[in-house]
Amino acid sequence: MEERIIDDEYGRGVRLKKTKEGYVDVTDEELENGEAEGEEAVFAFPAFDADEDDEELVSLTPEQAAELRKQKEEAALRRKADYERCCKEGDELLKTGSFRAAELKFEKALALDEEATEASVGYWRAKTSDFAESDVLIGEYVEAGIESLEYDLGYKAVEVLKKEYKEIFEKRVKELSEEETPLAETVEEKQSARRAVLKARLKRSTIGFITALVPTAALIVLTIVFGLSNFTTRENTFVLPTVLCGVGFVICFIAFIVLANKWINDLRMRAANEKLSSTEDGARLVELREYKELYLALLEGAENGVAVEVEEIEEIDEADEEK
């Protein structure tokens, strides 16, 4: 925190404190102590440039500070000119279909401007072959979601894409829906068939598991009880029962391990069957739905026309299925 004291022509003390947040806190000492009379002291301060680094100018003369500001302004103008030049060259390359070269131009432009709306739009136009391969963009953010897409591309750039490529996104949603519908029926049919088989297998393995568990637990308890009872008598009354129960426990324990392993495997298979991504068709179905969801998120906020809502897309799909 920086503190300065300024005295007016009457010797009146005023404290100025520059806070970490960049604000200036002004305190009139006489007003604070209740000693001031008459009007408040008025001080005029030079305009404060929030982008200017005071530490950079503190050791400079006014002439040097002015020169530094001039250099910064010239550098900013050069960056702006370079940005506009890269975007213009990138647009020309897009028109000729040189998408890879255009991508490099726009990538360079992205580093020259903070907002870089035009460069962001051009970059993804080039990367997706002018959105002939729009899945390239969607695939990049299918896991991160619409919020990350909007943040990375810039909200203004996303709005431009929504406006200019709305029809392409709508067409792609319809294509995904057409592929999703029959695939979903196939996957669900196979999943249902496996579910019935696995249910019967799990029922049998559960019965076998419990059947092996009960005698195994009973025999280990009896073995321990008879074994400890050997220390309560001088005779060998409990030796034979201990040995018999011990042998029976070992046999039952082996059967228990086998049946428990089968039961656990059946549980895993049932869980895997309920997870769509566990099969190739199911994984494709999940991917289609994720892509479709992100496309719909883009279309929901589309401007320059009637916004496309999720319900409307679903109605289109239902109408196509009825036909």
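Residues numbered from 1 in each chain as written. Predicted model: local features only at pLDDT ≥ 70, side-chain atom pairs only at ≥ 80, totals over all residues. Heavy atoms only, no water.

Draft legend 1. The arrangement of the pattern of salt bridges in detail. Using the criterion set out here, one finds 19 salt bridges in the structure. Of the charged contacts in the structure, one is a salt bridge between Asp82 and Arg85, with a shortest N-O distance of 3.6 Å. You can see Asp82 and its partner Arg85 sitting in helix α3 (residues 62-95), three residues apart, about one turn around the helix. Accessibility expressed as a relative area gives 30% for Asp82, which makes it partly exposed. On the basis of relative accessible area, Arg85 is assigned to the partly exposed category, the value being 35%. A salt bridge links Arg100 to Glu103; its shortest N-O distance comes to 3.1 Å. Taken as a pair, Arg100 and Glu103 lie in helix α4 (residues 99-110) at a separation of three residues, close to a single helical turn. For Glu103, a relative accessible area of 9% puts it in the buried group. Through salt bridges with shared partners, a single network forms among Asp82, Arg85, Glu89 and Lys105. (Salt bridge = Lys/Arg side-chain N within 4 Å of Asp/Glu carboxyl O. Helix = DSSP H or I, 4+ residues; strand = E, 2+ residues; numbered from the N terminus. Buried < 20%, exposed > 50% of the residue type's maximum accessible area, 1.4 Å probe, protein only.)

Draft legend 2. Inspection of the confidence of the model for the chain at higher detail. In the predicted model, the chain carries a mean pLDDT of 80, and 74% of its residues have values of at least 70. For the stretch residues 1-10, pLDDT sits under 50, and the model shows 24 contacts to residues farther than four places along the chain or on other chains. Every residue in residues 319-323 scores below 50 in pLDDT, and together they form two contacts with partners more than four places removed in sequence or on other chains. (pLDDT = per-residue confidence, 0-100. Contact = heavy atoms within 4.5 Å.)

Draft legend 3. Examining the environment of Glu89 more closely. By the element assignment, Glu89 lies in helix α3. Distance from Glu89 to Ala102, taken between C-alpha atoms, is 7.5 Å for residues 13 residues apart in sequence. At 2.7 Å, the side chain of Glu89 and the side chain of Lys105 are in polar contact. (Polar contact = N/O pair within 3.5 Å; in protein donor to acceptor, adjacent residues only side chain to side chain.)

Draft legend 4. Expanded view of the packing of aromatic side chains. Taken as a whole and assessed by the stated rule, the structure comprises 10 aromatic pairs. Cluster of aromatic residues (ring-pair linked, three or more members): Phe209, Phe249, Phe253, Phe256 and Trp263. (Phe/Tyr/Trp six-rings, centres within 6.5 Å; stacked < 30°, edge-to-face > 60°.)

Draft legend 5. Looking closely at the side chain of Thr128. With respect to the helices and strands, the residue Thr128 is situated in the loop between α5 (117-127) and α6 (135-141). Residue classification places Thr128 among the buried positions, given a relative accessible area of 0%. Polar contacts involving the side chain of Thr128 include one to the main-chain carbonyl oxygen of Trp124, which spans 2.5 Å.

Draft legend 6. Spotlight on empty space enclosed by the protein. For the structure on display, the rule yields one cavity of 30 Å³ or more. Quantified by volume, the largest cavity comes out at close to 30 Å³. The wall of the largest cavity is formed by Val187, Gln191, Arg194, Asn273, Lys275, Leu276, Ser278 and Thr279. With three residues, helix α9 (residues 166-229) is the single largest residue contributor to the lining of the largest cavity. Residues of the lining of the largest cavity, tallied by class, amount to two nonpolar, four polar and two charged. (1 Å grid on protein atoms, 1.4 Å probe; cavity = no way out; pocket = protein on both sides within 12 Å on 5 of 7 lines; lining within 4 Å. Points joined across faces, edges and corners; volume = space filled by probe spheres on them. Nonpolar A, V, L, I, M, F, W, Y, C, P; charged D, E, K, R; others polar.)

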